[in-house]
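Summary of structural features
Residue strings, one per chain:
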Amino acid sequence: MDKKIVFTVLFIFAAVGLLSACTTKSEDASELVLGMDASEETESFSQRTELVYGMVGGVNADSTSVIWNAIATFNQQNEDYYVTIKNYDGNLDRLHADMTAGKGPDIIDMTYSEYYESYVKNGYLEDLTPYLEQSQYSDDIIWNVLDAYKINDGLYMFVPQFLLKGILIQPDYEAEVEEWNMETFLALMEENQWEMDLFGAAGDPENLLRVLLYGRQEEFLDWENGEAYFDTEAFKELLELCMEYAQAGWPDATDWTYAERERNTLYKSVTYGKMFASYLFYADTYGREYSVYGYPTLSGQTYGVEACSASCAIYSLSGNKEGAWEFIESLLWESNQKYSGFTDPGFPVRKSVLEELAKEAGDEQIASRGELLTITESEISILTDIIYNGNFSRTSIERDIWAIISEETAAYFAGEKAWRMWRRSYRAGYGLSCRNRIIQKRFAGIPADRFFKLTFT
């Protein structure tokens, strides 16, 4: 392929990923307290310490989500602390301002985990590893899932429930798979000659690039040393693959039936949660006891893990860290591990609870082609074996880094002869609230044999 992308983006690493804050003073914590009625509040709270939970996703008093249930239960049972909710209502600028000013909430809602790496790099989150290692539940935790959220051997975000993400291969081609890695992934695509779609991206190269990066972020981003490597042959090959995919002339699939869409998909992304029987959703196309593969890497595969909405962190400058940990540890109570609202039915991160749910899964049924299917022990084991033994990567990409990749590859994928290259630098020393982005247009018409490099300093 003779068209190659070229651009250089420079960061001051300490500020990467954090939006400039619009406010300098946080609003008072919400008076919303779950699990207590007005007659109980005054007497009960006067003897307990308040913990503020910063709710990023917004407050819905009728919510049945895991985190709302957990807060209500904690307030009813804990004798030393109670949790109030501070509603940020999606305003990350205000959250960033509060953290910068040393006034962040004791517990931070990590629904928007795309800024996780940036929060850690800037020192806003407490390392939860010492707390978890001393927890009564330590030996019952599925550590390889939580390991996906470790940064420099520290765990700064707790994920009590999670979704498992993987790939299904069209059955005619899956029979040829002996060892799954990037080489096999490309070989099957070469054999297929673009006759089938990939991941339902319908010819969109950016969507394909994002999926392919899920399993290979560590190859291109080194958060520990503050480096990124997008000037390599490996990334060049990904770009060329995505461009070739876009140019394959995909038909308009809007009129396809579900069955036609399934038959015409070489690789399909799938997500599994608390309901084991959801495995059977794909039995029509992939048969019974089908294999679930991870996202391909150069040396093998890695499965995706996605945090559910109860995921949270402790603010590093909180004056109530022990209390904040008591609340986070309560998310491991069996009742909270089993509970699932309509929007967050994730697998529990405790082994014993997962095993109990697996035993109960035999009673779950799925309707398919007019008959009820019941999941077998072998099919349940396919999922539990992945959860217990698989290698996991987070499927979220740091938001600002993805915005840069998306912006700079857009012109390349559009086939422009010249494209913009932006220099991004962030003035050091101002933290979150006063980050200054300097964007300089440059390098139109770069020689076609160069690529781009992200450098964090």
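Reading the values: rules and limits
- Residues numbered from 1 in each chain as written.
- Predicted model: local features only at pLDDT ≥ 70, side-chain atom pairs only at ≥ 80, totals over all residues.
- Heavy atoms only, no water.
- Helix = DSSP H or I, 4+ residues; strand = E, 2+ residues; numbered from the N terminus.
- Buried < 20%, exposed > 50% of the residue type's maximum accessible area, 1.4 Å probe, protein only.
- Contact = heavy atoms within 4.5 Å.
- Areas by Shrake-Rupley, 256 points an atom, 1.4 Å probe, with all protein chains shown as cover.
- Salt bridge = Lys/Arg side-chain N within 4 Å of Asp/Glu carboxyl O.
- Pairing = 2+ DSSP bridges.
- pLDDT = per-residue confidence, 0-100.
- Axes fitted to C-alpha atoms, helices over the stretch in contact; angles between N-to-C directions.
- Parallel < 35°, antiparallel > 145°, perpendicular 65-115°, else oblique.
- Left-handed = near helix turned anticlockwise from the far one by under 90°.
- Nonpolar A, V, L, I, M, F, W, Y, C, P; charged D, E, K, R; others polar.
- Phe/Tyr/Trp six-rings, centres within 6.5 Å; stacked < 30°, edge-to-face > 60°.
- Core = buried A, V, L, I, M, F, W, Y, C linked by side-chain atoms within 4.5 Å.

1. Remarks on the overall build of the chain
- Secondary structure summary: the chain contains 18 helices and 21 strands in total.
- Residues classed as buried in the chain amount to 55% of the 457 residues present.
- Taking as baseline every contact in the chain between residues at least 6 positions apart, the subset at least 24 positions apart corresponds to 78%.
- In the form shown here, the chain has an accessible surface area of approximately 20100 Å², with 44% of it arising from carbon and sulfur atoms.

2. Things to note about the pattern of salt bridges
- Summed over the entire model, instances satisfying the criterion amount to 13 salt bridges.
- With a closest N to O distance of 3.0 Å, Glu262 and Lys268 form a salt bridge.
- Judged by relative accessible area, Glu262 falls into the buried class, the value being 2%.
- Measuring nitrogen to oxygen at the nearest pair gives 2.6 Å for the salt bridge that ties Arg288 to Glu379. Placement of the pair is Arg288 in the loop between helix 13 (283-286) and strand 12 (295-296) and Glu379 in helix 17 (residues 377-389), with a sequence separation of 91 residues.
- Residue class for Glu379 comes out buried when judged on its relative accessible area of 1%.
- A cluster of three or more residues bridged by salt bridges with shared partners is formed by Glu334, Lys338 and Glu356.

3. Looking at the pairing of strand 16 (residues 365-368)
- Burial of the side chains of strand 16 is restricted to one face: Ile366 and Ser368 are buried, whereas none of Gln365 and Ala367 on the reverse face is.
- With four bridges joining them, strand 16 and strand 17 (residues 371-374) adopt antiparallel strand pairing. Note on strand 17: the bridge partner recorded for Ile366 is Leu373.
- Connecting the antiparallel pair strand 16 and strand 17 is a turn made up of two residues, with Arg369 showing a positive phi of about 50°.

4. A few points about the confidence of the model for the chain
- Confidence in the prediction for the chain averages 79 pLDDT; 77% of positions are at 70 or higher.
- Here strand 20 (residues 437-442) is the element of the chain with the lowest mean pLDDT, 23, and helix 14 (residues 321-330) is the one with the highest, 98.
- Across residues 1-30, where pLDDT falls below 50, the model places 126 contacts with residues more than four positions away in sequence or in other chains.
- Counting interchain partners and residues more than four positions distant, the pLDDT-below-50 stretch residues 417-457 has 123 contacts.

5. Brief notes about the packing of helix 2 (residues 66-77) against helix 14
- In the contact formed by helix 2 and helix 14, the axes pass within 10 Å of each other and the chain directions differ by 120°. The orientation of helix 2 relative to helix 14 falls into the category oblique. Of the two possible hands of crossing, helix 2 and helix 14 adopt the one that is right-handed. Contact residues: helix 2 offers Ile67, Ala70, Ile71 and Phe74, while helix 14 offers Glu326, Phe327 and Ser330.
- For the contact of helix 2 with helix 14, the class distribution of residues is five nonpolar, one polar and one charged.

6. Describing the packing of aromatic side chains
- Counted according to the given criterion, the structure contains 25 aromatic pairs.
- Relative to Tyr295, the ring of Tyr214 lies with its centre 5.5 Å away and its plane at 75°, an arrangement referred to as edge-to-face. A residue pair is termed long-range when its members are at least 10 positions apart, and Tyr214 in helix 9 (residues 205-214) and Tyr295 in strand 12 qualify at 81 residues. Summarising the burial analysis for this pair, Tyr214 and Tyr295 share the class buried.
- Three or more aromatic residues joined by ring pairs make a cluster, and in this case those are Tyr272, Tyr279, Phe281, Tyr282, Tyr286 and Tyr290.

7. So, the nonpolar core
- By size, the foremost hydrophobic cluster in this structure holds 84 residues, and its most contacted members are Tyr272, Phe276 and Phe327.
- Ranked by residue count, the leading element in this core is helix 2, at six residues.

8. A few points about the packing of helix 9 against helix 11 (residues 233-246)
- Where helix 9 meets helix 11, the closest approach of the two axes is 9 Å, and the angle between their N-to-C directions is 145°. Relative to helix 11, helix 9 is oriented so that their crossing is right-handed. Counting all contacts with helix 9, which are made through Pro205, Leu208, Leu209, Leu212 and Leu213, the residues of helix 11 involved are Phe235, Leu238, Leu239, Leu241, Cys242, Tyr245 and Ala246.
- Residues belonging to the contact of helix 9 with helix 11 are distributed by class as follows: twelve nonpolar, no polar and no charged.

9. Let's talk about the sheet that holds strand 2 (residues 49-55)
- Strands sit in the order 3-2-4-14 across an open sheet of four strands; the sheet is mixed. Because the sheet does not close on itself, it has two edges, and the strands there are strand 3 (81-87) and strand 14 (312-314). Taking each pair of neighbouring strands and ignoring which way they run, the sheet shows an average axis angle of 25°.
- Where strand 2 and strand 4 (residues 107-109) come together, two bridges link them in parallel fashion. Bridge pairing links Tyr53 to Ile107 in strand 4.
- Against the sheet, helix 2 engages strand 2 and strand 3, with an angle of about 145° to strand 3.

10. A closer look at the environment of Gly249
- Among the structural elements, Gly249 can be located in the loop between helix 11 and helix 12 (258-263).
- For the pair formed by Gly249 and Glu195, sequence separation is 54 residues and the distance between their alpha carbons is 9.9 Å.

11. Quick word on the environment of Gln170
- Within the secondary structure, Gln170 is located in the loop between strand 7 (161-169) and helix 7 (171-174).
- Judged by its relative accessible area of 8%, Gln170 is buried.
- The spatial distance from the C-alpha of Gln170 to the C-alpha of Asn264 is 8.3 Å, given a sequence separation of 94 residues.
- Dropping the residues within four chain positions of it, Gln170 is found in contact with Met196, Arg263, Thr265, Leu266 and Tyr286.

12. Observations concerning the pairing of strand 3
- When you tally the buried positions in strand 3, you get six out of seven residues, the bulk of the element.
- Judged from the seven bridges that link them, strand 2 and strand 3 form a sheet pairing that is parallel. By the bridge assignment, Leu51 is partnered in strand 3 with Val83.

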